[in-house]
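# Structure assessment
Chain by chain, the residues run as shown.
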Amino acid sequence: RKEVEQDPGPFNVPEGATVAFNCTYSNSASQSFFWYRQDCRKEPKLLMSVYSSGNEDGRFTAQLNRASQYISLLIRDSKLSDSATYLCVGFKAAGNKLTFGGGTRVLVKP
Amino acid sequence: DTEVTQTPKHLVMGMTNKKSLKCEQHMGHRAMYWYKQKAKKPPELMFVYSYEKLSINESVPSRFSPECPNSSLLNLHLHALQPEDSALYLCASSQDLGTGNPGELFFGEGSRLTVL
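Residues numbered from 1 in each chain as written. Chains lettered and ligands numbered in written order. Predicted model: local features only at pLDDT ≥ 70, side-chain atom pairs only at ≥ 80, totals over all residues. Heavy atoms only, no water.

## Notes on the overall build of chain B
Quick reminder of the rule: In this description a helix means any DSSP run of H or I spanning at least four residues, a strand means any run of E spanning at least two, and both kinds are numbered starting from the N terminus. Radius of gyration means the value over C-alpha atoms here, while the globule rule gives 2.2 Å times the residue count to the 0.38 power. Buried residues are those whose accessible area, probed at 1.4 Å on protein chains only, stays under 20% of the maximum for their type, while exposed residues exceed 50% and partly exposed ones sit between those limits. By definition in these notes, contact holds between two residues if any of their heavy atoms fall within 4.5 Å. Surface accessibility follows the Shrake-Rupley procedure with a 1.4 Å probe radius. Residue values consider only the protein chains on display as shielding.
Each helix and strand counted, chain B has 0 helices and 11 strands in total. Helices (α) and strands (β) of chain B occur, in sequence order from the N terminus, as β-β-β-β-β-β-β-β-β-β-β. The C-alpha radius of gyration computed for chain B amounts to 13 Å, which stays within 12% of the reference 13 Å derived for 116 residues, consistent with globular compactness. C-alpha extents for chain B along the principal axes are approximately 40 × 25 × 20 Å. Counting across all 116 residues of chain B, residues that qualify as buried make up 48%. Across chain B, contacts joining residues at least 24 apart in sequence account for 56% of those joining residues at least 6 apart. Only carbon and sulfur atoms are counted for the fraction: they give 49% of the accessible area of chain B, which is about 5,600 Å².

## Section: unusual backbone geometry
Of the consecutive residues G9 of chain A and P10 of chain A, the connecting peptide bond is found in the cis state with omega at 5°. Position of P10 of chain A among the secondary structure elements: in the loop between β1 (4-6) and β2 (11-14). Following T7 of chain B, the chain continues into P8 of chain B via a peptide bond in cis, with omega recorded as -10°. The backbone of K40 of chain B shows a phi angle near 60°, a positive value even though the residue is not glycine. Its location among the elements puts K40 of chain B in the loop between β4 (31-37) and β5 (44-50). With phi around 50°, Y51 of chain B is a residue other than glycine that occupies positive phi space.

## Comments concerning the sheet that holds strand β1 (residues 4-7) of chain B
Residues and elements named next belong to chain B. Applied cut-off: For two strands to be treated as a pair, DSSP must find at least two bridges joining them. Between N-to-C directions, angles span 0 to 180 degrees; the directions come from axes that are lines fitted to C-alpha atoms, helices contributing only their stretch in contact.
Judged by pairing direction, the sheet is antiparallel, and its 4 strands sit side by side in the order β1-β3-β8-β7 without closing on themselves. Two strands close off the open sheet at either side, each with one partner strand: β1 and β7 (64-70). Looking at each pair of strands side by side, their axes are set apart by 20° on average, direction ignored. Pairing analysis gives 4 bridges linking β1 to strand β3 (residues 18-25), with the strands arranged antiparallel.

In structure tokens:
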């Protein structure tokens, strides 16, 4: 089993709708988590850090459920510009290692 | 605009060529990374430098040779590559390993490499 796993999608989302997707991690994987966004043929960029139970930034909400070992990302009022691949990243202090999930592709359509 | 600059943006090379990818950051970050990314896949870690010393080598073939001349520069020397090495090579930096926000990486735009 991979340390950090994501549904690859694509999630086809009508403009203005809400979309949510999860990232699961293995027990030994990570202590803190991050969501990165990567546009087609561009570099990844940090979207949100998730240190405790969750974080909210405008239309984006991330939640961490340690009991069930998953992190979620919810996007409200989706915009066309939200179309991207969302990468879940786990950080393990032992070894100072970042582990990327495979990414979830989101397509927002008019 | 990204604060991590990579050159060249595109590179085409033959299997017998020697070339180098360059990365520069002026944010005072002390950790720098090389990642390899194939189409529709996540970035794969290759090397990590911390305070100009190689900290992590993810069992990368010796035809890839990293170099960190100073705290702002990171190079990746390429020699005798294979066509399967064609990919986007991403450089990233972070404040430090294990302090600050350890997961906050700043990526460059990447160097797209094609090996013929």
